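Next come the chains, spelled out residue by residue.
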Amino acid sequence: MGDLTGLPDLLRECAPQVLAAVVRRYGDFDACEDAVQEALIAAARQWPDTGIPDHPRNWLITVASRRRVESLRNEVARRRREEAVRHDPEPEVRGDDELTLLLLCCHPALSVPAQVTLTLRAVGGLTTAEIARALLLPEATVGQRISRAKQRIRDTGTRFETPADLTAVRHVLYLIFNEGYTASSGDQLNRVDLTREAIRLTRQLHRRLPDDGEVAGLLALMLLTDARRPARTASDGTLIPLAEQDRGLWDAAAVAEGVAIITDALARAPIGPFQLQAAIAAIHDEAARAEDTDWPQILILYGMLHALAPSPMVTLNRIVAGAMVHGPEAGLAALDRVAGDPVLARHHRTAAVRAHLLELAGDRAGAREQYRLAARLTLSRPEQRYLESCAARQTLPAEDEAPRGPAE
C-alpha cells in the first residue's frame, strides 16, 4: 500500500491542477470546484485502504468529471453536454493548466480584491482564515468575496485572453509567496509548499511574458528572498534575524539567478515596484556580511518605492532603512510621525521595529514593553518565541549581550 503520511500534501498539490483541468473541459467554476472537492473527499476515504493510484491526478480528474457529469444531467443542456462527454476523452493535466486557472481567477470582470481572494483560494490553496490574515481583513469579508467572485465568473463565462494589466496576477503571486515565506500563524515559520508554488507559477508567467519587467522583478524578488530560507531558523525552529544569519547557508544559485534577472529587467524595462523590491533584496544578498550592507542605497530605493507604490509596510521598511543610516533616534521620530496609520498601529512588525530601535537607543525598559506587545500581536509561534526572547534579554546586564536585529 505504501507510505500514506504525505497524502494530505499530495491532495493539496493536486487540487488546483485537477480544478484547472475540469474547469477547462466543463466550465462553470463553482460547480467544478464542488466536483473536485467531492473527488478529494473520495480519495481521502479510499486511498488509505486501496493505496495511492499510479496516476493520482488522473484518478481525481476522472472522479471529479463524473461528479460534474452527474450534476449536468439535471440541467437544461443535459442531452447535448452528455453527448459531448461520451465522445470526448477525459481531460488531462496540461503544463499550463494552473497558469490558466490563475488567469481565470484574475478575470477582468472581477474587482481586484475579488481576483486576489479567489486566486489565493483556488490556486494557492489557502484557507479563508489564512487569506484574511494575509490581506488584513475579517474572515467574513473574505468569504463573501470568494462566493461573489465565483458567481461573477459563472455569470460572465470562463474564456478570455491574457489580460493586458497583470497587476492583480502579480499581486496574488506575491501574497502567496509571502504567506509561505513567513506563515501568518502556526508552529512553522515557513510553508515551503506555498513559496515553491508561487515561484513555479511566476516562472510560468515570466516564460509567457518575458518582456514584462514587473513579472521579471517579482520572480527575482522571490528567488532572492527565498535564497535566505535555509538560514532563517535554527535546528529547533528558532527564528534567526537577517543580520545574524549564516550567509554561507544561503542558496548561492538562487541569489545569482535573481541578481541576473533583476539586472536585466532594470536595464531594459520601465522601473516598477517589484523591480525596486528585488533590487533591495539583491543589495542584502550581495553583502558578504551584515555590516557591509549598503543602507544608504537601500534608503534611496525605498524612497523611490514609496513614490511609486506607497503602503504601510513600505513606510515601515523605509523607516528601518533610515534608522540604519541616520541612527535609532531618527527612526523613532519617524515612527511617531506615522503613529496614526491604522494598519501600522495594529501590526506586530511596527512594535518589533520600535522595540529594536529603543534597544539600540539604550531604552531597555521601553524595548522590553514593545517586544512583548509585538509578541502578543503576531499569530506566528516562531515569531512569538523570538520576540519573547528579545524581551527577556532586556533584563540582562547591557554588556552581556548586544542588540539583535529585528525579525525579517
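The notes below deal with the structure included here. (Residues numbered from 1 in each chain as written. Predicted model: local features only at pLDDT ≥ 70, side-chain atom pairs only at ≥ 80, totals over all residues. Heavy atoms only, no water.)

Turning to the overall build of the chain, a few remarks are in order. A tally of regular secondary structure across the chain gives 20 helices and two strands. Expressed as a percentage of its 408 residues, the buried residues of the chain come to 50%. Considering only intrachain contacts with a sequence separation of at least 6, the fraction spanning at least 24 residues in the chain is 65%. (Helix = DSSP H or I, 4+ residues; strand = E, 2+ residues; numbered from the N terminus. Buried < 20%, exposed > 50% of the residue type's maximum accessible area, 1.4 Å probe, protein only. Contact = heavy atoms within 4.5 Å.)

In the contact formed by helix 2 (residues 29-50) and helix 3 (residues 56-72), the axes pass within 8 Å of each other and the chain directions differ by 125°. Between helix 2 and helix 3, the crossing angle belongs to the class labelled oblique. Judged by the twist between their axes, the crossing of helix 2 over helix 3 is right-handed. Contacts between helix 2 and helix 3 involve Ala31, Cys32, Ala35, Val36, Glu38, Ala39, Leu40, Ala42, Ala43, Gln46 and Trp47 from the first element and Pro56, Trp59, Leu60, Val63, Ala64, Arg67 and Arg68 from the second. Residues that form the contact of helix 2 with helix 3 fall into these classes: 14 nonpolar, one polar and three charged. (Axes fitted to C-alpha atoms, helices over the stretch in contact; angles between N-to-C directions. Parallel < 35°, antiparallel > 145°, perpendicular 65-115°, else oblique. Left-handed = near helix turned anticlockwise from the far one by under 90°. Nonpolar A, V, L, I, M, F, W, Y, C, P; charged D, E, K, R; others polar.)

What follows is about helix 3. The end-to-end C-alpha distance of helix 3, which contains 17 residues, comes to 24 Å, matching closely the 24 Å that a straight helix rising 1.5 Å per residue would cover. Restricting attention to buried positions, one finds in helix 3 the residues Pro56, Leu60, Ile61, Val63, Ala64, Ser65, Arg68, Val69 and Leu72. (Expected span 1.5 Å × (residues − 1).)

A complete count under the given rule lists 13 salt bridges for this structure. Arg170 is the partner of Asp212 in a salt bridge, and the nearest nitrogen-oxygen pair spans 3.2 Å. One end of the pair, Asp212, is in the loop between helix 10 (192-208) and helix 11 (213-226); the other, Arg170, is in helix 9 (residues 167-181), and 42 residues separate them in sequence. By relative accessible area, which is 11% here, Arg170 ends up buried. Of the charged contacts, one joins Asp264 and Arg268 as a salt bridge, the two residues approaching to 2.7 Å between their closest N and O atoms. Taken together, the positions of Asp264 and Arg268, both in helix 12 (residues 252-268) and four residues apart, correspond to about one turn of that helix. (Salt bridge = Lys/Arg side-chain N within 4 Å of Asp/Glu carboxyl O.)

A word on the environment of Arg368. If you trace the backbone, Arg368 turns up in helix 19 (residues 364-377). Here Arg368 falls in the partly exposed class, since its relative accessible area comes to 21%. For Arg368, the residues in contact, after removing those within four places along its chain, are Ala391, Gln394 and Thr395.

For the coordinates displayed, the defined rule picks out three aromatic pairs. Taking 5.1 Å as the distance between ring centres and 70° as the angle between the ring planes, the aromatic pair formed by Trp47 and Trp59 counts as edge-to-face. Within this pair, whereas Trp47 is found in helix 2, its partner Trp59 is found in helix 3, the two being separated by twelve residues in sequence. Taking relative accessible area as the criterion, Trp47 reaches 1% and is therefore assigned buried. Taking 5.1 Å as the distance between ring centres and 65° as the angle between the ring planes, the aromatic pair formed by Tyr174 and Phe274 counts as edge-to-face. Highlighted residues: Tyr174 in helix 9 and Phe274 in helix 13 (residues 273-286), separated in sequence by 100 residues. Looking at Phe274, the relative accessible area reads 10%, which means it is buried. (Phe/Tyr/Trp six-rings, centres within 6.5 Å; stacked < 30°, edge-to-face > 60°.)

On to the nonpolar core. Core analysis: the biggest nonpolar cluster contains 82 residues, and Phe29 and Leu60 have the highest contact counts within it. When residues in this core are grouped by element, the largest group, twelve residues, is from helix 1 (residues 7-26). Apart from residues lying up to four places away in sequence, Leu60 is in contact with Leu11, Cys14, Val18, Ala39, Leu40, Ala43 and Trp47. If you look at the next biggest cluster of nonpolar residues, it comprises 24 residues, including Val320, Leu335, Ala352 and Ala375. (Core = buried A, V, L, I, M, F, W, Y, C linked by side-chain atoms within 4.5 Å.)

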